[in-house]
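Working through the structure, step by step
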Amino acid sequence: MAQAQNVLNQTDKKYIAEVLEDYRLARISRECSLLGRREVLGGKAKFGIFGDGKEVAQLAMAKQFRNGDFRSGYYRDQTFMMAIGALTVKEYFAALYAHTDVEKEPSSAGRQMGGHYSTRSLNADGTWKNLMQQKNSSADISPTGGQMPRLVGLALASKIYRNNKALHHMTNFTNKGNEVAFGTIGDASTSEGPFWESINAAGVLQIPFAISVWDDGYGISVPKKYQTTKSSISEALSGMQRTKDKPGYEIFKTKGWDYADLCATYEKAIKICREEHVPVLIHVEEVNQPQGHSTSGSHERYKSAERLKWENEMDCIEKFKEFILQTEMAAPDELNAIDEQAKKLYVNKKVKRGKNLMIS
Ligand SMILES: Cc1ncc(C[n+]2csc(CCOP(=O)(O)OP(=O)(O)O)c2C)c(N)n1
Ligand SMILES: [Mg+2]
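Okay, so let's go over this structure. (Residues numbered from 1 in each chain as written. Chains lettered and ligands numbered in written order. Predicted model: local features only at pLDDT ≥ 70, side-chain atom pairs only at ≥ 80, totals over all residues.)

**Here we look at the overall build of the protein**
Looking only at helices and strands, one finds 12 helices and eight strands in the protein. Relative to its length of 360 residues, the protein is compact, with a C-alpha radius of gyration of 20 Å against a globular reference of 21 Å. Taken along its principal axes, the extent of the C-alpha atoms in the protein is 55 × 55 × 50 Å. Within the protein, the fraction of its 360 residues that count as buried is 45%. Partitioning the intrachain contacts of the protein with sequence separation of at least 6 by distance along the chain shows that 71% fall at a separation of at least 24. (Helix = DSSP H or I, 4+ residues; strand = E, 2+ residues; numbered from the N terminus. Rg over C-alpha atoms; globule rule 2.2 N^0.38 Å. Buried ≥ 20, exposed ≤ 12 C-beta atoms within 10 Å, placed from the backbone. Contact = placed C-beta atoms within 7 Å.)

Structural data, given as structure tokens:
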């Protein structure tokens with residue numbers, strides 16, 4: 001290990017630092033989910049729905065998200081929001097407790113359930129912020145699938161900006177239409193009408209629309225064989241794949257626990273989407289949900305012992321840890337120390353959580 005460190009150049013060192021920062025954030029986000037469930041079951045908050053199991057995929061997605069881009073997603077996206085610097089641990093818990101002070105709970109000042117994220121586009125006096133100097137998220141809504149039509153609108157805006165030179169002076173909103181609209185949706189919600197209508201519209205319009213499906217195989221307790229044709233949304237949509245002669249989608253498949261493949265897939269997908277204005281579908285399979293759907297249920301009641309064992313073995317953060325160890329980017333002690341630190345962070349308010357997660 002020491003020898004390996006000696007031959008590393010600056011680029012390698014930068015890459016390793018970035019990977020370890022991702023790992024640290026994944027752990028912090030997981031600890032938030034674990035504590036969040038305990039807080040609800042202990043009676044300190046009314047309801048909780050968390051992003052455990054989706055951490056690694058969201059870190060990969062966040063790497064491609066630039067200032068001026070927009071998200072339109074759903075309640076599993078806490079890690080992504082933390083990674084783009086739009087959510088702190090403190091804000092996350094303020095939302096869980098439905099804090100009504102907008103300074104403390106900027107997503108909705110406690111008006112929405114926890115897990116419903118957004119960023120602010122307006123200043124207190126009602127004037128527009130410069131959206132090109134921040135990473136943006138439209139406000140989540142609870143009806144699953146409701147994020148989809150909005151995603152079409154956000155992506156279409158980029159195309160209009162790119163094609164209409166008379167709008168290029170609006171530099172608070174666009175850099176000549178280079179912005180991508182990033183969507184997220186669960187596998188079961190792809191069964192809904194708004195999903196299909198939006199997918200079709202984006203294919204027809206050829207807009208920078210990047211939809212990620214977090215596929216954990218369940219919609220609450222219903223397994224995907226009862227929800228999705230061929231139990232695979234990317235197979236069901238394969239006719240949308242563009243060909244040499246006909247525009248359509250670029251469709252990607254990757255796995256929720258495979259950090260390296262996730263990063264490579266998002267890099268490739270978003271480049272096409274941003275540069276060519278081609279819609280992309282990123283089907284993230286083998287995602288899991290370690291704590292079950294929400295605080296209103298227990299997944300032990302509907303998942304088989306075999307499935308629960310698999311979920312445990314294929315936990316995305318454990319697999320991420322394995323990857324870091326196998327590639328010798330860090331020693332076990334270093335990673336264990338990060339794990340321990342993540343557990344302490346939310347109880348010790350004085351500890352700094354990195355530049356994006358500062359608590360005080
Ligand atoms: C239109 C609508 N129907 C039903 C619900 C209730 N509901 C909330 S989450 C959910 C399951 C969603 O599963 P999936 O899309 O796979 O996302 P996951 O929670 O598994 O990430 C359902 C049915 C809802 N919120 N909105
Ligand atoms: Mg699901």
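**Points about the nonpolar core**
Judged by nonpolar contacts, the single largest core of 80 residues is most densely connected at Val56, Ala60, Ala181, Phe209, Ala210 and Val280. When sequence neighbours within four positions are dropped, the list of residues in contact with Val56 reads Ala26, Gly256, Trp257, Tyr259, Leu262, Cys316, Ile317 and Phe320. (Core = buried A, V, L, I, M, F, W, Y, C linked by C-beta atoms within 7 Å.)

**Let's talk about the site of ligand 1**
Around ligand 1, the surrounding shell holds 15 residues, and the nearest of these are Pro143, Gly186, Ala188, Ser189 and Gly219. Along the lines of polarity and charge, the residues of the shell around ligand 1 split into five nonpolar, seven polar and three charged. (Near = placed C-beta within 6 Å. Nonpolar A, V, L, I, M, F, W, Y, C, P; charged D, E, K, R; others polar.)

**As for the environment of Glu334**
As for its placement among the helices and strands, Glu334 is situated in helix H12 (residues 332–345). Under the C-beta neighbour-count criterion, Glu334 is labelled partly exposed, with 14 such atoms within 10 Å. Along the sequence, Glu334 and Leu20 sit 314 residues apart, while their C-alpha atoms lie 9.5 Å from each other.

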